[in-house]
Protein chains: 4
Amino acid sequence: MSRIADSTRWHEGAERIDWARRFMPATAALTAGLTASGAARGIRIALSDVLEPKTAAVALSLAEAGAEVAVSCVGRDTDDAVAAALVHAGIPVYAFSRATDAEDRENVLALLGHRPEVIIDDGSYTIRLAHTARPDVLAGMAGATEQTTSGVRPLREMARQGALRIPVVAANDARTKSLFDNAHGTGQAVVFAVADLLGRPLAGAHVVVAGFGPVGSGIARHARALGARVTVSEVDPVAALQAVFAGHAVAKLSDAARTADILISATGIAGTVPSEVLALLPEDSAVAVGGGVDQEISLEDAVAGGGEWLTRGKVGVLRLPGGRRIRVLDDGHCINVSAAEGNPIEIMDLSFGVQLAAVDHLLTHRGALEIAVHELPRAADDRVAAHALVAFGGGLDTPSAAQRAFLASWRPRGERDADGDPE
Amino acid sequence: MSRIADSTRWHEGAERIDWARRFMPATAALTAGLTASGAARGIRIALSDVLEPKTAAVALSLAEAGAEVAVSCVGRDTDDAVAAALVHAGIPVYAFSRATDAEDRENVLALLGHRPEVIIDDGSYTIRLAHTARPDVLAGMAGATEQTTSGVRPLREMARQGALRIPVVAANDARTKSLFDNAHGTGQAVVFAVADLLGRPLAGAHVVVAGFGPVGSGIARHARALGARVTVSEVDPVAALQAVFAGHAVAKLSDAARTADILISATGIAGTVPSEVLALLPEDSAVAVGGGVDQEISLEDAVAGGGEWLTRGKVGVLRLPGGRRIRVLDDGHCINVSAAEGNPIEIMDLSFGVQLAAVDHLLTHRGALEIAVHELPRAADDRVAAHALVAFGGGLDTPSAAQRAFLASWRPRGERDADGDPE
Amino acid sequence: MSRIADSTRWHEGAERIDWARRFMPATAALTAGLTASGAARGIRIALSDVLEPKTAAVALSLAEAGAEVAVSCVGRDTDDAVAAALVHAGIPVYAFSRATDAEDRENVLALLGHRPEVIIDDGSYTIRLAHTARPDVLAGMAGATEQTTSGVRPLREMARQGALRIPVVAANDARTKSLFDNAHGTGQAVVFAVADLLGRPLAGAHVVVAGFGPVGSGIARHARALGARVTVSEVDPVAALQAVFAGHAVAKLSDAARTADILISATGIAGTVPSEVLALLPEDSAVAVGGGVDQEISLEDAVAGGGEWLTRGKVGVLRLPGGRRIRVLDDGHCINVSAAEGNPIEIMDLSFGVQLAAVDHLLTHRGALEIAVHELPRAADDRVAAHALVAFGGGLDTPSAAQRAFLASWRPRGERDADGDPE
Amino acid sequence: MSRIADSTRWHEGAERIDWARRFMPATAALTAGLTASGAARGIRIALSDVLEPKTAAVALSLAEAGAEVAVSCVGRDTDDAVAAALVHAGIPVYAFSRATDAEDRENVLALLGHRPEVIIDDGSYTIRLAHTARPDVLAGMAGATEQTTSGVRPLREMARQGALRIPVVAANDARTKSLFDNAHGTGQAVVFAVADLLGRPLAGAHVVVAGFGPVGSGIARHARALGARVTVSEVDPVAALQAVFAGHAVAKLSDAARTADILISATGIAGTVPSEVLALLPEDSAVAVGGGVDQEISLEDAVAGGGEWLTRGKVGVLRLPGGRRIRVLDDGHCINVSAAEGNPIEIMDLSFGVQLAAVDHLLTHRGALEIAVHELPRAADDRVAAHALVAFGGGLDTPSAAQRAFLASWRPRGERDADGDPE
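So, on to the interface of chain C and chain B. Contacts between the two partners involve 29 residues from chain C, matched on the other side by 29 residues from chain B. Here chain C packs against chain B, burying approximately 2,500 Å² in sum over the two surfaces, 58% of which is carbon and sulfur. Counting the contacts that link chain C with chain B gives four salt bridges. The tally of links from chain C across to chain B stands at six residue pairs in polar contact (both at pLDDT 80 or more). Elements supplying a minimum of two residues to the side of chain C that touches chain B: helix 8 (175–198), helix 9 (214–225), strand 14 (325–329) and helix 15 (345–364) of chain C. Looking at the side of chain C that touches chain B element by element, the count peaks at six residues for helix 8 of chain C. Its residues assigned to classes, the side of chain C that touches chain B shows 15 nonpolar, five polar and nine charged.

Below, the structure is given as structure tokens:
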């Protein structure tokens, strides 16, 4: 039933999945909760995410909690050995590393063919494709959960336009997700990938970061920590001011680009770096996308306008119409996903913990949730963080009775209110 | 009509106010807006805040915009020369540096005697005293605006308990306030004040910070930047985890205190450092409150339990019941206000800009606002930030048509929806 | 015999000296050594340094070790209460806070009138004045020790020109001095003093630092840690490259000055910021000297060329010939000494420890040392550091036998040498 | 005449070498100087270094300057395609990636068979083997230059024991080498390699660094910048105190190891992490060597004492005698060389620039240099830095006449000396 590249490689994949699970305490704790409650038993769950050992560990965990899990992934992000291991463990998988764009789409449709009751998504392609191509499966669903900024944005737009037809949890917006995965995980992964691919020190480099949200500020902070001078471009004045106070220079992208050694787009918005900005970059400078979406750097426009690829690949070289050559990292795809090892495991554990908490929330309140994009309830969010904190060895205080009493009071010390009640 | 210490010192105060105004571009821009719109003309405005040149500049600005301004301040935070300058400029002031607690209260009552239509508050004492002691003045009010975390907390509690009787803007919660004043301004001011008072390098010190909200994280970040090892205590697991990822140790306060060189409370909650924790501190260690409220460190309890003040003042020495001596900075008052020069001017300019925007909001929507604690509308918040950004010399981009189009779309590339509409 | 301002203030001074001694473990350990060995017994020692509680603690310690100590200090850096406390304790002092330049000189001559056998100096004025004005006292001297970069420089020049007539220990160059006092202590003190005097956040400011030696790099590091963007100017290409790799911009001073918010000179060389550079600064920008020497910023030239002081003092305002106004912090004197509380105590303890180790070295080898500028022997330097490390609570390893054996070997593993000896 | 793995892969290697040369401005400038002076014309030069594109670029540059270059490298650090490219360009190479230890030794002997006049070395194995196995070639040599701390150490020991027979330049000790390659390049490369191999965020990790020299402090700084808590162990009290002031904890290695997530040895001394310390590490913790030498972590001892390798490789798992499992990165080899991409190119360019300056110095002063370990003259060192500074876009000032005059003076302002000469 599965479509994968090579089922014989299952053993190698299984070993790496086993190893990854050792370092995922929050996922383990959440899975134990789902198993104990039985909430996932017999539920059809579709998982669409970068297919590497950590994701596979989640799929296996859900299966162990009694769910009927199926998995898909775009070819570019698929690890074939890991896919084989899941199939060997009895989980249907639609993913192989050499898939074309058309095959990627067919794989998601095959996943939707399982008529999932819950979708766990990364980028919301699967959720959106269900709305456009398989609206029939939406009726039976408890809902979906989406873990990226770029994926939540169009879901909110769907809700605004009245096009959304199932409840969705914005797992991305949970504090335990966005404050860690986006700001720390992606920040580190992007900066490491850029430095590794270019083989250059960040120290002494002028790094320009477009966008100062959680991902962009994480990139800027990591680059600066490694000795780079950073200039930030923004459209939001508060975010721009935050960049100023973080010690970065702030300038229009078209001004900053002229002296960039490395330009990283981190807005999640297509067209952020238009071809006119590319034309301003110095010879031998480099561009990359961190987090993000397709055509966040307008490479297609640059080629349409006379640019030429001299080489493509992890470090491509693009000759611009004016003759200058710039380096394009990983064809403009999200460099933290495709060129690095993916986000670090302790951080992915947090994010998967949030996804599992969202699944629990969708199932526990099945039928009672509005058709809307929901926040994960704060208590659930806190529980995921508390599980991880234990693993990091950090102690946590609890408010004392005196502190709780203070929090419930409002009268100035020594005052009675107008009715004469003492404080 | 005023009550101040020494009216002859007005000239010195006036010079310092003039100087401060040179560095307050956001305040100037917002005042210009109020003047042009005439929204503040003839309005009675009560201003309760630390009385130093920057606050006085705001009072004068409002008067120039046509308002009838009156000012009060607790004695501890009053600069008598500045008070004299305001009175000389025709603004009633109730504030003198040697005021007792009872006189502080009388001064606020005198301020309320002006029957203000708007209160600009810092700590919400004036707003709350109006509710308990002068409920008669509430009826005629457009509302109030409060600029601190500790001041907003009891106002929300009042709203929850049904005790609030006027609309209040939580100026503190505006991004342009909390992301800068709390995190940068107070963080820097607290750490500088502690280092100056102790005359020691932060490098090599073990600094324990209770609370990892905007103020606490700012303190921790500044202390670490100066070379301290920082341990954070928290009751919120997400905040605790943020501290871990920021590179701090996280532990229960009672564990961290045992090896603290400096313990700083930054929760805004009374009783955060109870006398049992004080008893664990090493000989010669120091304690201070950053941001915060009265008795955030339970000094009264410590004395009641057998502790003894050997000296009091900016660097007091308290002998604990067990015999160990610890240093208490500025009697446990907010060290950034009382022992330092106050928060830095460029940051205060942002905060005052937010207060003025809140005043504008209250007056423009007078009568139409619910009795509740309101957020400052995002557009108003953005305008304050944009004014300041110009002063910092930072360029700002505007979204292109292509970016705006992308933000309004949600369908996967190349998909039509179920009704056959193309993307 | 002393010349001080007010002998009645001794009690206040004595209390502050006592308090300071609690935080000077290295000084205490070194003094204990001198006392035990008797090396300082009956020796006439002249101490010329900023006269505040920490320096006074050293004078008292030497007296307790049996030396006949006398002290002088320039008026600008004299704390009159501390001077009174030393006199009350029986130590002659020539220092009062309102001394003119001529009186400052007379005070040093009075100190030299004690015919010291050892001079402990800060800035080497006393050592150099002994050479020019009292060469007769040089004959009987064991030597001198000097603790600043600016003071060692002319002593080396004297040695080069054959003008030096006593052995001098360059206490400044000891690792336990320069790696801490210069880089950490002065860096923190300068940045704090600047931020306090200007009342502005460093975050968002453009700070230009002239010179990237230990002091300049410490200033740059502290400013950057607090959120400033830093540009460094240098004449040494290696130091300039270090600044690049530390993440600072590097530019000619005349380029960097044009957009400076704050310009700090940290070279220890007069004329570093000539009046032509002052003329390039923006309106309302500020200049200061960290570490340093007289006329490091050419203020006299600026006034001679048509500039005018609008106000002088801690924050002076100078109108430049072209009309622009800039702020001059503390008249261009070393801001870390005169406007701040002096360098932090734990760091001063290290520096005084080095000075005492140098005194011990001069006395122990009296008569055997060449007339030259000497380094403090490494073992003595290490001992001072080890004393301080204990106070900071840091554990220290000792090399194992295996490690020592490895360090004594040089042959590649498994090789014999040409004579057939096995490794 | 060469011994390489596969001569057909030359084209791939040549392309990568060409690309690397674009980013090596200092190497290019130094080579241009050698070419112009003719100093290297006809000189036999042996180059022993990690054989990757940057090293190959140096070999080609020397050949273009007229030298007869030959190259060797240990198998572990050999890139076979690069080796093929050099052979194709006419340079003899003795290096192939699958070489055994015995073959590695034979390759160096083959290199020495060229009777080099200059050796450019990395680790000083070639220089030392020449002394033990081929002393006959030493007579004709101009000298050698060595670029690592670990390689210079035994050469100094040879000099101390009277075993050294040629002049050697300690290229490692040049400021342009040690301040950048060791502190920035190796620091970044080690931390990136560790984070990549472990797939974990540094944020929140407890990293223990043994040794706080340039390499160790660079590792500690990079780890801390990425959010790790760092503990340093040292045997030198001054270095330990520097670690304290840099904000790290300092402890004995045996204390720190008990709670380490990651332990990195950076001393360059065998036996730094003995098996008794390994036994203290927590389950699943990881160990690595940065910079360094063979058996810096005593893995052979651990296995001899009952430990067992469960897997070996980039991330090996070692079961310790007590049963706990730890991860060993890259079999305990220098992780920055073997598991990462090597040090960043802009930094390697500096280091190679120093090596070329050293070659120039040896050839220019051939016959006139003492048999000893020499420093590179400061002027030569400065020139390398100045070339690189241009490439980084940094402006450099030159001392003004006023500054030079100040530097040549020593008398206090206004003083004449004893003979009456005015200042």
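On we go from here.
On to the confidence of the model for chain A. In this model, chain A carries a mean pLDDT of 91, and residues with pLDDT of at least 70 account for 97%. This model gives residues 417–423 of chain A a pLDDT under 50, and the stretch forms 14 contacts once residues within four places in sequence are excluded.

Once that is clear, we can look at the relation of the copies chain B and chain A. With an RMSD of 0.1 Å, the operation that places chain B on chain A is a rotation of 180 degrees combined with a shift of 0.0 Å along the axis. A rotation of that kind, with that shift, is consistent with a two-fold axis. Looking at the rotation axis and the C-alpha trace of chain B, the residue lying nearest is Ala225 of chain B, at 5.7 Å. Counting the interface residues of chain B, we find that 100% of their copies in chain A are interface residues as well, pointing to one common contact surface.

Moving on, we come to helix 16 (residues 378–392) of chain C. For helix 16 of chain C, built from 15 residues, the straight-helix expectation of 21 Å at 1.5 Å per residue is met to within 8% by its first-to-last C-alpha distance of 21 Å. Taken as a whole, helix 16 of chain C has its buried residues at Ala380, Asp381, Asp382, Val384, Ala385, Ala388, Leu389 and Phe392 of chain C. Residues of helix 16 of chain C that are buried in the fold lie against helix 2 (25–37), helix 8 and helix 15 of chain C together with helix 10 (237–245) and strand 9 (249–250) of chain D.

Pairing between sheet strands relies on hydrogen bonds along the backbone, with the strands arranged either parallel or antiparallel. Residue and element names in this part refer to chain C. In spatial order, the strands read 3-2-1-4-5-6-15; together these seven strands make up an open sheet with parallel pairing. Strand pairing shows two members of the sheet lacking a second neighbour, strand 3 (93–94) and strand 15 (373–374), which therefore form its edges. Alignment of strand 6 (residues 168–170) against strand 15, held across two bridges, turns out to be parallel. Following the sheet pairing, Val169 is matched in strand 15 by His374. Against the sheet, helix 5 (residues 101–112) touches strand 1 (44–48), strand 2 (68–72), strand 3 and strand 4 (118–121), its axis set at about 170 degrees to strand 2.

With 74 residues of chain B in contact, the opposing surface of chain A contributes 74 residues. Carbon and sulfur atoms supply 64% of the area buried between chain B and chain A, which totals about 6,200 Å² over both sides. When the buried surface of chain B facing chain A is broken down by residue, Phe245, Asp397 and Trp410 of chain B rank first, second and third, together holding 13% of it. One can count four salt bridges joining chain B with chain A. Its salt-bridge partner being Arg378 of chain B, residue Asp236 of chain A comes within 3.2 Å of it at the nearest N-O pair. Where chain B meets chain A, there are 24 residue pairs in polar contact (both at pLDDT 80 or more). Mapped by element, the contributors of at least two residues to the side of chain B that touches chain A are helix 6 (125–133), helix 7 (149–161), helix 8 (175–198), helix 10 (237–245), helix 15 (345–364), helix 16 (378–392) and helix 17 (401–407) of chain B. Residues belonging to the side of chain B that touches chain A are distributed by class as follows: 38 nonpolar, 17 polar and 19 charged.

Here is what the cut-offs are and how they apply
The residue numbering used here restarts from 1 in each chain and proceeds along that chain's sequence as written. As they are written, the chains are lettered A onward and the ligands numbered 1 onward, keeping that order. For a predicted model such as this one, the threshold for reporting local features is a pLDDT of at least 70, and the threshold for listing and counting side-chain atom pairs is 80 or more; totals across whole chains, interfaces and linings nevertheless cover every residue. As a rule here, side-chain values come from all non-hydrogen atoms in the structure, and water together with hydrogens is ignored. By the convention used here, residues are in contact when the closest approach between their heavy atoms is within 4.5 Å. Summed over both partners, the accessible surface that disappears when two parts come together, traced with a 1.4 Å probe, is what is meant by buried area. Definition used for salt bridges: Asp or Glu carboxyl oxygen within 4 Å of a side-chain nitrogen of Lys or Arg. Throughout this description, a polar contact denotes any pair of N or O atoms lying within 3.5 Å of each other; where both atoms belong to protein, one of them has to be capable of donating a hydrogen while the other can accept it, and for residues adjacent in sequence the pair is counted only when both atoms sit in side chains. Helix and strand definitions follow DSSP, with helices as H or I runs of at least four residues and strands as E runs of at least two, each counted in order from the N terminus. Polarity classes work like this: nonpolar for Ala, Val, Leu, Ile, Met, Phe, Trp, Tyr, Cys and Pro, charged for Asp, Glu, Lys and Arg, and polar for all others, with Gly in that last group. Along the chain, pLDDT gives the predictor's confidence residue by residue, from 0 to 100. When the copies are superposed, the least-squares fit takes in the C-alpha atoms of residues with a pLDDT of at least 70 in both. An expected span of 1.5 Å times one less than the residue number is assigned to each helix. Here the term buried applies to any residue with accessible area under 20% of the maximum for its type, exposed to any over 50%, and partly exposed to those in between, with areas from a 1.4 Å probe on protein chains only. Should DSSP find at least two bridges between two strands, the strands are taken to pair. Helix axes are fitted to C-alpha atoms over the stretch in contact, other axes to C-alpha atoms as well, and angles between N-to-C directions run from 0 to 180 degrees.

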